Amino acid sequence: MSAPLILASASPARAEMLRRAGAAPEIVPARVDEAEVKIALRAAGAAPRDQADALAEMKAIRVSSRFPGVLVIGADQVLDLDGDAFDKPETLDDARAQLLRLRGARHSLYSAAVIAVDGAAVWRHIGHARLTMRAFTDSFLDDYLSTIGGGALTTAGGYRIEEEGVRLFSRIEGDWFSILGLPLLELLAFLRVRGALAE
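Residues numbered from 1 in each chain as written. Predicted model: local features only at pLDDT ≥ 70, side-chain atom pairs only at ≥ 80, totals over all residues. Heavy atoms only, no water.

The protein chain has the name Nucleoside triphosphate pyrophosphatase in an unreviewed UniProt entry, where Pikeienuella piscinae is given as its organism. What UniProt states about the protein chain under its Subcellular location (unreviewed entry) heading is, verbatim, "Cytoplasm". Under the UniProt heading Cofactor (unreviewed entry), the note attached to the protein chain is "a divalent metal cation". (UniProt positions renumbered as here; feature names shortened; annotations may be inferred.)

Structural data, given as C-alpha coordinates:
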(Lines give C-alpha, C1' and ligand atoms only; values in the text may rest on other atoms or scores of the structure.)
Protein backbone atom coordinates (compact mmCIF):
# COMPACT_ATOMS: atom_id res chain seq x y z
CA MET A 1 0.00 0.00 0.00
CA SER A 2 1.38 3.41 -0.97
CA ALA A 3 2.01 6.19 1.52
CA PRO A 4 -0.66 8.93 1.78
CA LEU A 5 -0.10 11.93 -0.44
CA ILE A 6 -1.57 15.44 -0.57
CA LEU A 7 -1.28 18.07 -3.27
CA ALA A 8 -1.42 21.54 -1.68
CA SER A 9 -2.58 23.16 -4.89
CA ALA A 10 -5.86 24.01 -6.58
CA SER A 11 -4.27 23.60 -10.02
CA PRO A 12 -6.27 21.12 -12.13
CA ALA A 13 -3.25 20.70 -14.44
CA ARG A 14 -0.95 19.59 -11.61
CA ALA A 15 -3.55 17.21 -10.19
CA GLU A 16 -4.15 15.71 -13.63
CA MET A 17 -0.41 15.23 -14.26
CA LEU A 18 -0.07 13.31 -11.00
CA ARG A 19 -3.19 11.23 -11.61
CA ARG A 20 -2.06 10.28 -15.10
CA ALA A 21 1.32 9.26 -13.68
CA GLY A 22 -0.36 6.84 -11.28
CA ALA A 23 -0.34 8.98 -8.13
CA ALA A 24 -3.64 9.71 -6.45
CA PRO A 25 -3.14 12.70 -4.18
CA GLU A 26 -5.82 14.20 -2.02
CA ILE A 27 -6.31 17.83 -3.02
CA VAL A 28 -5.99 20.29 -0.13
CA PRO A 29 -5.27 23.77 -1.50
CA ALA A 30 -3.05 25.90 0.72
CA ARG A 31 -4.62 29.13 1.87
CA VAL A 32 -1.78 31.49 1.00
CA ASP A 33 -2.15 35.10 -0.14
CA GLU A 34 0.19 34.63 -3.09
CA ALA A 35 -0.05 38.25 -4.22
CA GLU A 36 1.08 39.57 -0.83
CA VAL A 37 3.87 37.00 -0.56
CA LYS A 38 5.13 37.86 -4.03
CA ILE A 39 5.11 41.58 -3.22
CA ALA A 40 7.20 40.91 -0.12
CA LEU A 41 9.60 38.59 -1.96
CA ARG A 42 10.09 41.07 -4.80
CA ALA A 43 10.60 43.94 -2.35
CA ALA A 44 13.33 41.84 -0.73
CA GLY A 45 14.99 41.38 -4.13
CA ALA A 46 14.19 37.68 -4.55
CA ALA A 47 14.85 36.39 -8.06
CA PRO A 48 11.89 34.82 -9.92
CA ARG A 49 13.38 31.34 -9.40
CA ASP A 50 13.55 31.93 -5.64
CA GLN A 51 10.01 33.31 -5.58
CA ALA A 52 8.68 30.05 -7.05
CA ASP A 53 10.66 27.99 -4.54
CA ALA A 54 9.56 30.07 -1.54
CA LEU A 55 5.89 29.89 -2.50
CA ALA A 56 6.03 26.14 -3.12
CA GLU A 57 7.64 25.63 0.29
CA MET A 58 5.14 27.87 2.04
CA LYS A 59 2.21 25.94 0.56
CA ALA A 60 3.67 22.54 1.42
CA ILE A 61 4.55 23.47 5.00
CA ARG A 62 1.24 25.18 5.70
CA VAL A 63 -0.79 22.12 4.69
CA SER A 64 1.60 19.50 6.09
CA SER A 65 1.38 20.97 9.57
CA ARG A 66 -2.30 19.88 9.60
CA PHE A 67 -1.69 16.30 8.40
CA PRO A 68 0.91 14.48 10.55
CA GLY A 69 3.09 11.97 8.75
CA VAL A 70 1.66 12.74 5.29
CA LEU A 71 3.76 13.71 2.26
CA VAL A 72 2.49 17.11 1.08
CA ILE A 73 3.44 18.57 -2.30
CA GLY A 74 3.58 22.34 -2.68
CA ALA A 75 4.16 23.82 -6.12
CA ASP A 76 4.47 27.17 -7.81
CA GLN A 77 5.56 28.52 -11.17
CA VAL A 78 7.04 31.89 -12.06
CA LEU A 79 7.74 33.33 -15.50
CA ASP A 80 10.97 35.32 -15.76
CA LEU A 81 11.57 37.85 -18.53
CA ASP A 82 14.96 39.49 -18.02
CA GLY A 83 14.53 39.46 -14.24
CA ASP A 84 10.89 40.60 -14.27
CA ALA A 85 8.46 38.06 -12.80
CA PHE A 86 5.07 37.64 -14.46
CA ASP A 87 1.92 36.59 -12.62
CA LYS A 88 -1.30 35.25 -14.07
CA PRO A 89 -3.04 38.11 -15.88
CA GLU A 90 -6.22 39.36 -14.25
CA THR A 91 -7.96 40.50 -17.45
CA LEU A 92 -7.67 39.81 -21.17
CA ASP A 93 -6.14 43.28 -21.55
CA ASP A 94 -3.47 42.24 -19.04
CA ALA A 95 -2.91 39.02 -20.99
CA ARG A 96 -2.51 40.99 -24.21
CA ALA A 97 0.01 43.32 -22.58
CA GLN A 98 2.02 40.37 -21.23
CA LEU A 99 2.05 38.61 -24.59
CA LEU A 100 3.18 41.78 -26.33
CA ARG A 101 6.10 42.04 -23.90
CA LEU A 102 7.00 38.40 -24.53
CA ARG A 103 6.63 38.62 -28.32
CA GLY A 104 9.90 37.96 -30.13
CA ALA A 105 11.74 37.40 -26.82
CA ARG A 106 13.14 34.48 -24.86
CA HIS A 107 11.88 33.90 -21.33
CA SER A 108 12.23 31.30 -18.59
CA LEU A 109 9.69 29.31 -16.63
CA TYR A 110 10.64 28.07 -13.16
CA SER A 111 8.44 25.34 -11.74
CA ALA A 112 9.21 24.60 -8.11
CA ALA A 113 7.99 21.61 -6.12
CA VAL A 114 8.59 21.10 -2.40
CA ILE A 115 7.54 18.11 -0.32
CA ALA A 116 6.95 18.67 3.37
CA VAL A 117 6.25 16.27 6.22
CA ASP A 118 5.10 17.41 9.66
CA GLY A 119 5.65 21.06 8.82
CA ALA A 120 9.21 20.73 7.48
CA ALA A 121 10.48 20.58 3.91
CA VAL A 122 12.15 17.22 3.13
CA TRP A 123 12.68 17.56 -0.64
CA ARG A 124 12.66 20.26 -3.31
CA HIS A 125 13.36 20.66 -7.00
CA ILE A 126 13.07 23.58 -9.40
CA GLY A 127 12.46 22.74 -13.04
CA HIS A 128 13.62 25.25 -15.63
CA ALA A 129 12.60 25.71 -19.23
CA ARG A 130 13.44 28.39 -21.80
CA LEU A 131 10.85 29.46 -24.32
CA THR A 132 11.13 31.77 -27.31
CA MET A 133 8.03 33.46 -28.64
CA ARG A 134 7.88 34.18 -32.33
CA ALA A 135 7.22 37.67 -33.66
CA PHE A 136 3.50 37.07 -34.30
CA THR A 137 1.29 39.79 -35.75
CA ASP A 138 -1.18 41.89 -33.80
CA SER A 139 -4.04 40.29 -35.72
CA PHE A 140 -2.81 36.80 -34.78
CA LEU A 141 -2.70 37.88 -31.14
CA ASP A 142 -6.24 39.25 -31.31
CA ASP A 143 -7.50 36.00 -32.89
CA TYR A 144 -5.62 33.93 -30.31
CA LEU A 145 -7.10 35.81 -27.36
CA SER A 146 -10.56 35.66 -28.89
CA THR A 147 -10.24 31.89 -29.24
CA ILE A 148 -8.69 31.11 -25.85
CA GLY A 149 -10.76 33.63 -23.88
CA GLY A 150 -10.58 33.14 -20.12
CA GLY A 151 -8.01 30.38 -20.56
CA ALA A 152 -5.43 33.13 -20.97
CA LEU A 153 -6.00 34.08 -17.33
CA THR A 154 -5.00 30.67 -15.96
CA THR A 155 -1.27 30.85 -16.64
CA ALA A 156 1.55 33.34 -16.18
CA GLY A 157 2.23 35.04 -19.47
CA GLY A 158 -1.28 34.54 -20.78
CA TYR A 159 -0.64 31.40 -22.83
CA ARG A 160 -1.79 27.81 -22.54
CA ILE A 161 1.02 25.99 -24.28
CA GLU A 162 -0.72 22.61 -24.12
CA GLU A 163 -3.45 24.05 -26.34
CA GLU A 164 -3.42 26.78 -29.00
CA GLY A 165 -0.78 28.69 -27.07
CA VAL A 166 1.88 26.46 -28.64
CA ARG A 167 1.37 28.48 -31.84
CA LEU A 168 2.91 31.51 -30.12
CA PHE A 169 6.34 29.86 -29.93
CA SER A 170 9.29 29.32 -32.24
CA ARG A 171 11.49 27.38 -29.81
CA ILE A 172 11.06 25.46 -26.56
CA GLU A 173 13.97 24.13 -24.51
CA GLY A 174 13.59 22.12 -21.33
CA ASP A 175 11.31 19.72 -19.55
CA TRP A 176 7.74 19.67 -20.88
CA PHE A 177 6.23 18.87 -17.48
CA SER A 178 8.00 21.84 -15.89
CA ILE A 179 6.46 24.03 -18.57
CA LEU A 180 3.06 22.69 -17.54
CA GLY A 181 3.77 23.55 -13.91
CA LEU A 182 5.43 20.61 -12.15
CA PRO A 183 8.91 19.00 -12.38
CA LEU A 184 7.15 15.66 -12.64
CA LEU A 185 9.98 13.20 -13.34
CA GLU A 186 12.07 14.32 -10.38
CA LEU A 187 8.99 14.40 -8.15
CA LEU A 188 7.96 10.86 -9.12
CA ALA A 189 11.47 9.59 -8.41
CA PHE A 190 11.30 10.95 -4.86
CA LEU A 191 7.78 9.58 -4.31
CA ARG A 192 9.04 6.10 -5.28
CA VAL A 193 11.86 6.37 -2.74
CA ARG A 194 9.38 7.36 -0.01
CA GLY A 195 6.94 4.60 -0.86
CA ALA A 196 4.21 6.85 -2.23
CA LEU A 197 4.52 5.12 -5.63
CA ALA A 198 5.41 1.57 -6.57
CA GLU A 199 9.05 0.94 -7.53
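(A) Region of the structure containing a nonpolar patch on the surface. Nonpolar side chains collect at one region of the surface, where V166, I172 and W176 lie side by side and expose about 230 Å² of accessible area between them. Within the secondary structure, W176 is located in helix α6 (residues 176–180). (Patch = residues over 30% accessible without salt bridge, like charges linked within 9 Å, V, L, I, M, F, W, Y side chains within 5 Å. Areas by Shrake-Rupley, 256 points an atom, 1.4 Å probe, with all protein chains shown as cover. Salt bridge = Lys/Arg side-chain N within 4 Å of Asp/Glu carboxyl O. Helix = DSSP H or I, 4+ residues; strand = E, 2+ residues; numbered from the N terminus.)

(B) Layout of helix α1 (residues 12–20). Turning to α1, its buried residues are R14, A15, M17 and L18. End-on, the buried residues of α1 take up no more than an arc of 160 degrees, which puts them together on one face. Facing away from the buried side of α1 by over 90 degrees, the exposed positions are P12 and R20. Elements in contact with the buried residues of α1: β1 (5–7), β2 (26–27), β3 (71–81), α6 and α7 (184–193). Once α1 finishes, G22 follows within two positions and takes phi at roughly 95 degrees, a positive value. (Buried < 20%, exposed > 50% of the residue type's maximum accessible area, 1.4 Å probe, protein only. Arc of directions from axis to C-beta. Contact = heavy atoms within 4.5 Å.)

(C) Main features of the packing of aromatic side chains. In this structure the tally under the stated criterion is 3 aromatic pairs. Seen in terms of ring centroids, W123 and F190 are 5.4 Å apart; in terms of plane orientation they differ by 25 degrees. Their pairing is stacked. Of this pair, W123 sits in strand β6 (residues 120–133) while F190 sits in helix α7, and the two are 67 residues apart along the sequence. Accessibility assignment for this pair places W123 and F190 in one class, buried. Seen from their ring centres, F136 and F140 are 6.1 Å apart, and the 45 degrees between their planes marks the pair as tilted. The ring centre of F140 lies 4.5 Å from the NZ or CZ of R134, which sits over that ring. (Phe/Tyr/Trp six-rings, centres within 6.5 Å; stacked < 30°, edge-to-face > 60°. Lys NZ or Arg CZ within 6 Å of the ring centre and 35° of its normal.)

(D) Structural context of the UniProt feature "active site" (unreviewed entry) in the protein chain. Look at the UniProt record and you will see "active site" (unreviewed entry) annotated at D76. Positionally, D76 belongs in strand β3. Excluding anything up to four places from it in sequence, D76 contacts R14, E34, K38, A52, L55, A56, K59, Y110, S111 and A112. Among the polar contacts listed, one links the side chain of D76 to the side chain of K59, at a separation of 2.9 Å. (Polar contact = N/O pair within 3.5 Å; in protein donor to acceptor, adjacent residues only side chain to side chain.)

(E) Region of interest: helix α2 (residues 34–43). Inspection of α2 places V37, K38 and L41 among the buried residues, and these make up the whole buried set. Considered in projection along α2, the buried side chains sweep an arc of 100 degrees and stay on one side of the axis. Among the exposed residues of α2, those pointing more than 90 degrees away from its buried face are I39 and A43. On its buried face, α2 is in contact with α3 (48–64) and β3.

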